[in-house]
Amino acid sequence: MLSKPSVKKRNMKRTLLRIWSYMAEEKGLFVLVVIMVIVSSVLSLAGPYLMGVAVDSLISGWNGSQLLTMLVWLVIIYAAQSGTVFLQGYWMIGIAQNVVFTMRNALFSHLQKLPISFFQKRQHGELMSRLTNDMENVSRTLNSAVIQIITSTLTLAGTVAVMLWLSPLLTVLTLTIVPVMFAGMKWITNRTGKYFKEQQRTLGDLNGYIEETLTGQRIVKMYSQEERVIESFEEKNAALKTSSYWAQTYSGFIPKLMNMLNNVSFAIIIGIGGILAIKEIVSIGVIVTFVTYSRQFTRPLNDLANQFNMILSAIAGADRVFQVLDEEVEGKDEGSAYEISSLKGEIVFDSVSFSYEKEVATLKNVSFHVSPGQTVAIVGPTGAGKTTIISLLTRFYDADEGAIFVDGMDITKVKRDSLRKNMAFVLQDSVLFQTNVMENIRYGRLDASDDEVVEAAKTANAHEFIMKLPRGYDTVLDAEGGGISHGQCQLLAIARAILANPALLILDEATSSIDTITEMKITDALNKLMQGRTSFVIAHRLNTIQNADSILVLKDGRIIEQGSDEELLKLSGFYADLVKTQRQKGVI
Ligand code: ADP
């Protein structure tokens, strides 16, 4: 069971105000909607009133033509009311779609600006759920609930006013059910709120899990984890079922409660109204009007109540969207940050320390110097901090202590994107986008011409295999790299980096076995790529870095050895041991 209600009142108010701030952009249309709502509410009051008048007049002896005139008026009133209802719905859909359109754009562009650390803490599917399900909830609710709320409020107020005017006594009697109704509603909504929020959360959780297991299907199968995955899924699915079950159950009580109270008020009006009519305190016509009003009086509340679950789930959805929007974007560049156009490629790490979590230091006092055009290899056991060094260099994170310089400039004083424009990556899992080969390579430099892309592919030894693909450069790749091999994927990434022509290169050496011919092509392409650029290579197989100008040996976040292959072997230290072990195991 759940511990405490999650849609807190204060939160709810804030979320509503925030949705309103988006709607305020559509003021013009909104005013039109409100006018239509007012007109239709007045018309819906006029109908029953005229009917009451008609009944009384009939009793007092109206003729046929008077009755016909009344009938024509009633037809006009009801037709006009339908017209205004149609228009308000039509315009409201416009508002709702614009609001959701703006929110979706805001959310997506905000996501692009969030730091890497944000994404590392979250499942992608769960975030996608916010962009899709939660947005959809907001949209559906705005389409209908806003009109419903205004109509209901106006109809309620109008009905009570006319009722009071016709017969204060009958009005008071009809209204006796209101406190009961509110108490019931309060009891129910106290419970529904938390379950709706829980429902959205568990749905996001489930979506996240589905995404994770679908993209990781290969691993699931390889480690025969199907059963465990199914079990976890069933747990998450059960959590969703429970929260949905309670959310629906409690909100299902609302219309039933309303219906029951409606019948009670009906009985009161007919019973007591009958007695009053016999005593000639009120006319039969007033009772006719009251009976219709009493339904009209509970109907808006009933409608609101029916909408309540939707409204609550939309508020919960909007709240989840706003949570992401409130996440701090990647640290803004200082106003005085420089824009760098081209770099020579000198890198200095000066006593850099860094930790992801406060208690655990990941990098400790790391210092090294790289001259322009040099190749630096970073080696060390898994978890030593190799990737972290790169993450600091790219400013995915900033150092806690010490400083990093490129061409003598402190990188915290350089604009992030101008720094990153001077870097290119060739990673183990090269990321492809779901578009054709041409565009995938062009990602390296968006203004490159087709000829330049082909040229880069040729330099990267990728042209040959691309031409053998079913539609050459127009072949659409899928995001997981299906259709081409891992090695070919790397060649595309190299082509992308060649096109980008950066001063700094970051290479994460492939560990997976690639056929010898492709490996030779990769090595050759990489050598061409690395020429004249400062390159960082995260190396796993030590034979590939023998020619590196400098090798940094990392262990537990510290550089324990530093030098060329030859120098380090002479030291007979950690590096020499690593090389020996790899030779023995036949890795190299
Ligand atoms: P390597 O690349 O050498 O395998 P990493 O630089 O990835 O090592 O990681 C160094 C240490 O920092 C590891 O102990 C790892 O668990 C930790 N670490 C890496 N990324 C994060 C993160 N986003 N949050 C917290 N700890 C992290």
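The sections below set out a description of the structure shown in this document.

Conventions used here
- Residues numbered from 1 in each chain as written.
- Predicted model: local features only at pLDDT ≥ 70, side-chain atom pairs only at ≥ 80, totals over all residues.
- Heavy atoms only, no water.
- Helix = DSSP H or I, 4+ residues; strand = E, 2+ residues; numbered from the N terminus.
- Rg over C-alpha atoms; globule rule 2.2 N^0.38 Å.
- Buried < 20%, exposed > 50% of the residue type's maximum accessible area, 1.4 Å probe, protein only.
- Contact = heavy atoms within 4.5 Å.
- Areas by Shrake-Rupley, 256 points an atom, 1.4 Å probe, with all protein chains shown as cover.
- Lys, Arg positive; Asp, Glu negative; His and termini not counted.
- Charge placed at Lys NZ, Arg CZ, Asp CG, Glu CD.
- Pairing = 2+ DSSP bridges.
- Core = buried A, V, L, I, M, F, W, Y, C linked by side-chain atoms within 4.5 Å.
- Phe/Tyr/Trp six-rings, centres within 6.5 Å; stacked < 30°, edge-to-face > 60°.
- Lys NZ or Arg CZ within 6 Å of the ring centre and 35° of its normal.
- Patch = residues over 30% accessible without salt bridge, like charges linked within 9 Å, V, L, I, M, F, W, Y side chains within 5 Å.
- Salt bridge = Lys/Arg side-chain N within 4 Å of Asp/Glu carboxyl O.
- Expected span 1.5 Å × (residues − 1).
- Arc of directions from axis to C-beta.
- Near = heavy atom within 4 Å.
- Polar contact = N/O pair within 3.5 Å; in protein donor to acceptor, adjacent residues only side chain to side chain.
- Nonpolar A, V, L, I, M, F, W, Y, C, P; charged D, E, K, R; others polar.
- Axes fitted to C-alpha atoms, helices over the stretch in contact; angles between N-to-C directions.
- Parallel < 35°, antiparallel > 145°, perpendicular 65-115°, else oblique.
- Left-handed = near helix turned anticlockwise from the far one by under 90°.

**Things to note about the overall build of the protein**
Assigned secondary structure in the protein consists of 19 helices and ten strands. At 35 Å, the protein has a C-alpha radius of gyration far larger than the 25 Å of a compact globule built from 588 residues. For the protein, the C-alpha atoms occupy an extent of roughly 120 × 50 × 50 Å along the three principal directions. Taken over 588 residues, the protein has a buried fraction of 46%. Taking the contacts inside the protein whose residues are at least 6 apart along the sequence as the reference set, 79% of them involve residues at least 24 apart. Accessible surface for the protein amounts to roughly 30,100 Å². Of this, 58% is attributable to carbon and sulfur atoms. Here the protein contributes 56 positive and 58 negative side-chain charges, whose respective centroids are spaced 8 Å apart.

**Topic: the pairing of strand β1 (residues 347-354)**
Where β1 and strand β2 (residues 363-370) come together, five bridges link them in antiparallel fashion. By the bridge assignment, I347 is partnered in β2 with V370. Pairing analysis gives five bridges linking β1 to strand β4 (residues 401-406), with the strands arranged antiparallel. The residue bridging S353 from the neighbouring strand is E401, located in β4.

**Some details on the nonpolar core**
By size, the foremost hydrophobic cluster in this structure holds 48 residues, and its most contacted members are I441, I466, L492, I494 and I545. With ten residues, helix α16 (residues 486-500) is the largest single contributor of residues to this core. Apart from the residues lying within four places of it in its own chain, the contact partners of I494 are V426, A460, I522, A525, L526 and L529. Residues L343, V370, V376 and L419 belong to the second largest nonpolar core, which totals 32 residues.

**A few points about the packing of aromatic side chains**
If you walk through the whole model with that rule in mind, you get 17 aromatic pairs. Aromatic pair F368 and F536: ring centres 6.2 Å apart, planes at 65°, arrangement edge-to-face. Here F368, found in strand β2, pairs with F536, found in strand β8 (residues 534-538); they are 168 residues apart in sequence, far enough to count as distant. Judged by relative accessible area, F536 falls into the buried class, the value being 0%. Ring geometry for F433 and Y443: centres 4.3 Å apart, planes at 20°, overall stacked. With a gap of ten residues between them, F433 in the loop between β6 (423-426) and α13 (437-442) and Y443 in the loop between α13 and α14 (450-459) connect regions that are remote in the sequence. Taken together, W187, Y195, Y245, W246, Y250 and F253 form an aromatic cluster joined through their ring pairs. Against the face of Y209 rests K236, its NZ or CZ located 5.2 Å from the ring centre.

**Digging into a nonpolar patch on the surface**
A contiguous nonpolar surface patch, about 510 Å² in accessible area, is contributed by L68, L71, V72, W73 and I76. Looking at where L71 falls in the secondary structure, it is placed in helix α3 (residues 64-113).

**Examining helix α17 (residues 516-530)**
The end-to-end C-alpha distance of α17 is 21 Å, a good match for the 21 Å that 15 residues give at a rise of 1.5 Å each. Of the positions making up α17, those classed as buried are T518, I522, A525, L526, L529 and M530. Projected onto a plane normal to the axis of α17, the buried residues spread over an arc of 130° and lie on a single side. Along α17, the residues that are exposed and aim more than 90 degrees away from the buried face are T516, I517 and M520. Summarising the contacts, the buried residues of α17 are in contact with β3 (375-379), β6, α14, α16, β7 (504-508) and β8. One or two residues past the end of α17 sits G532, with phi positive at roughly 75°.

**Observations concerning the site of the ligand**
In the region of the ligand, 13 residues are neighbours, and Q120, G383, K386, T387 and T388 sit closest. One of the backbone N or O atoms of G383 is found 2.7 Å from an oxygen atom in the ligand. The contact in question runs from an oxygen atom of the ligand to an N or O atom on the backbone of K386, over 2.9 Å. Alone, the ligand offers 560 Å² of accessible surface; in the complex the protein occludes 63% of this. The leading source of residues in the shell around the ligand is helix α11 (residues 386-393), at three residues. A breakdown of the residues in the shell around the ligand according to their chemical character gives four nonpolar, seven polar and two charged.

**Digging into the sheet that holds β8**
Within the open sheet, the six strands sit side by side as β6-β7-β8-β3-β9-β10. Their pairing is mixed. This sheet does not close on itself; its edge strands, each paired only once, are β6 and β10 (558-563). Averaged over all pairs of adjacent strands, the angle between strand axes in this sheet comes to 20°, irrespective of strand direction. Sheet topology note: the β7/β8 ladder contains five bridges and is parallel. Each residue of the ladder has a partner; that of L504, found in β8, is T534. Set on the sheet, α16 makes contact with β6 and β7; between it and β6 the angle comes to about 170°.

**Section: the side chain of R442**
Looking at the element boundaries, R442 is found in helix α13. Polar side-chain contacts of R442 include one of 2.8 Å to the side chain of D450. For R442, the contacting residues outside a window of four places in its chain are A448, S449, D450, V453 and L499.

**Points about the packing of α3 against helix α5 (residues 124-166)**
How two helices pack is summed up by the angle between their axes together with the distance between the axes. Their axes nearest at 9 Å, the elements α3 and α5 cross at an angle of 155°. Taken together, the axes of α3 and α5 are roughly antiparallel relative to one another. Note on packing geometry: the crossing formed by α3 with α5 is right-handed. Taken together, the residues of the contact of α3 with α5 sort by class into 16 nonpolar, six polar and two charged.

**Quick look at the environment of G94**
Note on placement: G94 falls in helix α3. Considered as a pair, G94 and E26 are 68 residues apart in the sequence and their alpha carbons are 9.1 Å apart.

**Here we look at the environment of M530**
For M530, the position within the fold is in helix α17. Relative accessible area serves as the criterion here: at 16%, M530 is assigned to the buried category. Spatially, the C-alpha atom of M530 lies 8.9 Å from that of Q374, the residues being 156 residues apart in sequence. In this structure, M530 is in contact with T375, L505, L507, S535 and V537, ignoring residues within four places of it in sequence.

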